[in-house]
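# Residue-level structure breakdown
Residue-level listing of the chains:
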Amino acid sequence: MAEFLAILDFGSQYTQLIARRVRENRVYCEILPHGTTVEDLKKRQLKGIILSGGPSGVYEEQAPRCDERIFSLGVPVLGICYGMQLGCEILGAKVIPARHREYGETVLDLAGSGDDLFHGLKSRIKAWMSHGDRVDDVGGDFQVLARTQNCPYAAVAHSRTRFYGVQFHPEVTHTPEGGAIINNFLYRICQCTGDWTLSGFIDDQVKKIRKEVGRERVVCALSGGVDSSVVALLLHRALGSQLICVFVDNGLLRQGEKEQVEATFREHFHLNFHLVVASSRFLQALKGVTDPETKRIRIGHEFIEVFRDATRKFEGVRYLAQGTLYPDTIESRSPFGGPSAVIKSHHNVGGLPEKLGFELVEPLKFLFKDEVRNLGRELGLPDEIIQRQPFPGPGLAIRVIGEVTAERLKVLREADAIVQEEIRALDLHRNLWQSFAILLPVRTVGVMGDRRTYDAVIALRIVESTDGMTANWVFLPSEVLTRIANRICNEVVGVNRVVLDISSKPPSTIEWE
Ligand code: XMP
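Residues numbered from 1 in each chain as written. Predicted model: local features only at pLDDT ≥ 70, side-chain atom pairs only at ≥ 80, totals over all residues. Heavy atoms only, no water.

### Observations concerning the sheet that holds strand β9 (residues 163-166)
Read across the open sheet, the seven strands follow the order β2-β1-β3-β4-β9-β8-β7; overall the sheet is mixed. Across the chains shown, the open sheet's two edge strands, defined by having one partner strand only, are β2 (28-33) and β7 (142-146). Going from strand to strand, the sheet's axes swing by 20° on average, the running direction of each strand aside. One ladder, built from four bridges, connects strand β4 (residues 77-80) with β9; its direction is parallel. Its bridge partner being in β9, Ile80 is matched across the sheet by Val166. Together, β1 (3-9), β2, β3 (45-51) and β4 form the strand contacts of helix α1 (residues 15-24), whose direction differs from that of β2 by roughly 160°. (Pairing = 2+ DSSP bridges. Helix = DSSP H or I, 4+ residues; strand = E, 2+ residues; numbered from the N terminus. Axes fitted to C-alpha atoms, helices over the stretch in contact; angles between N-to-C directions. Contact = heavy atoms within 4.5 Å.)

Written out as structure tokens, the structure reads:
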């Protein structure tokens, strides 16, 4: 059993970041509900606990609390912000609303505490604060480790229970020494050994999948994106030909995409690969549709139908493998909710298992995206797939604005291929979240070789982002933009104008539909 660090979630927007920082230090951790009991915690090889921050005040009536027995488990506990206030309050200190609310950067005076938590750091460091309440008075069991101008107890330790509290956020990059502080907590205080590695994860998962699945068959909807590709390779390693991969060509893919996926998974990795060509079914379902949500919904339904028809042919399939990642699991489970407003319906394989009566296998559900990429590398996945930009489930249909027809898809596909080619040629794609073409539902007048034209307009969407939740448009060098625009107008029949989308998200979204 691998060593384990528990993060109890009190609703901070930074809780996932804490988990990222811990994992970066090769210590396996999970985010658990704040009320998780010590009986549950004791089932793991628990090395320590972190209490996250949160929006509440400790004295509010509905304030979330933890099982107070965690302080007698004998493992160190680190409370961050709200977690500090809660821990201090439980251990007898006084917490009050701060007279001076402190937000943003501040300077911590470590007062030569010499404590392990700040081992190796200078006596004054920058730290990021974001709090209203603060600890006001601590009893004799506490030792003060750091203060700021407004906050006499910016970091404290309670030696008997090995509780540490920090009022600032070591998990954010605005606390430059935060990584070292978390490293000190894990290695100097919790005595972790750092046994969390991806090759160990693969071995564990392979054993677990074999045990769970036995001799049954598993089907996997392979899209060619990073997540489903990694799931497919991991399951293939565990189950060989018991895994059936279904790749649906919905006719809404980019140029060369089907060929690339087929070459990788059928020819290179020798997976049990089934191509389902269903472009005409999808086109039929989209006939006459111009409303973006209707497009998404129709494509989602059609996918389920196509997948159902395809899997009926295989005997004895009991499981469906899905590339659910950790952030999806946390957000759907968190009592504090994730960014929940539905702006657009996402139709990937969501809803498939219930509708088809499969049981789920989700081997990535405790991993973050960059861990999945590293796992892909470890499993030998080619760089083109690992570094692939996100591509939406409804594909080019939501980039053909207006009605989706075979002819309009062809125009967009050719224009988009030019964008991809030029951006890849300069190796720019790695630094961009997405770069793609959109076909607009207007025609404009142009002139080509003395002839008047009346043709379609292509828009370019080039953005940078870290998670797709917000995004900035990127201004590529004008030579690159000029080359892309010239090539599109010259090479794509039916286009005589190219425009650049210079809106960020918000208020715009990345995709146009
Ligand atoms: P928006 O357009 O909402 O997109 O700013 C944010 C990110 O999500 C991608 N996206 C999708 N991904 N299925 C997906 O897997 C979908 O239905 C879908 N719609 C949008 C989009 O490409 C961007 O990266």
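We are not done yet, so read on.
### Topic: the packing of aromatic side chains
Counted by the stated rule, this structure contains eleven aromatic pairs. With a centroid separation of 5.0 Å and 55° between ring planes, the pair formed by Tyr28 and Trp196 is classed as tilted. Remark: Trp196 occurs in the loop between α4 (178-189) and α5 (198-213) and Tyr28 occurs in strand β2; sequence separation between them is 168 residues. Using a relative accessible area of 12% as the deciding quantity, one classes Tyr28 as buried. Given a relative accessible area of 11%, Trp196 falls into the buried group. Centre to centre, the rings of Tyr326 and Phe366 are 5.6 Å apart; their planes meet at 55°, and the pair counts as tilted. Taken as a pair, Tyr326 in helix α10 (residues 326-333) and Phe366 in the loop between β14 (359-361) and α12 (369-378) lie far apart in primary sequence, 40 residues in all. On the basis of relative accessibility, which here comes to 0%, the residue Tyr326 falls in the buried class. Accessibility expressed as a relative area gives 28% for Phe366, which makes it partly exposed. (Phe/Tyr/Trp six-rings, centres within 6.5 Å; stacked < 30°, edge-to-face > 60°. Buried < 20%, exposed > 50% of the residue type's maximum accessible area, 1.4 Å probe, protein only.)

### Digging into the site of the ligand
Around the ligand, the surrounding shell holds 16 residues, and the nearest of these are Lys344, Gln434, Lys505, Ile510 and Glu511. Isolated, the ligand exposes 500 Å² of accessible area, and the fraction of that covered by the protein chains is 87%. Both of domain 2 (198-386) and domain 3 (399-500) provide at least three residues apiece to the shell around the ligand. (Near = heavy atom within 4 Å. Areas by Shrake-Rupley, 256 points an atom, 1.4 Å probe, with all protein chains shown as cover. Domains from an automatic or database assignment.)

### Focus on helix α7 (residues 257-268)
For α7, spanning twelve residues, the distance from its first C-alpha to its last is 15 Å, which sits close to the expected 16 Å at 1.5 Å a residue. The set of residues buried in α7 consists of Glu257, Val261, Glu262, Thr264 and Phe265. Along the axis of α7, the buried positions cluster into a sector of 170°, meaning they face one direction only. Along α7, the residues that are exposed and aim more than 90 degrees away from the buried face are Glu267 and His268. Those residues of α7 that are buried lie in contact with α6 (226-239), β11 (243-249), β12 (273-277) and α13 (383-386). Phi turns positive one or two residues past the end of α7, at His270, with a value near 55°. (Expected span 1.5 Å × (residues − 1). Arc of directions from axis to C-beta.)

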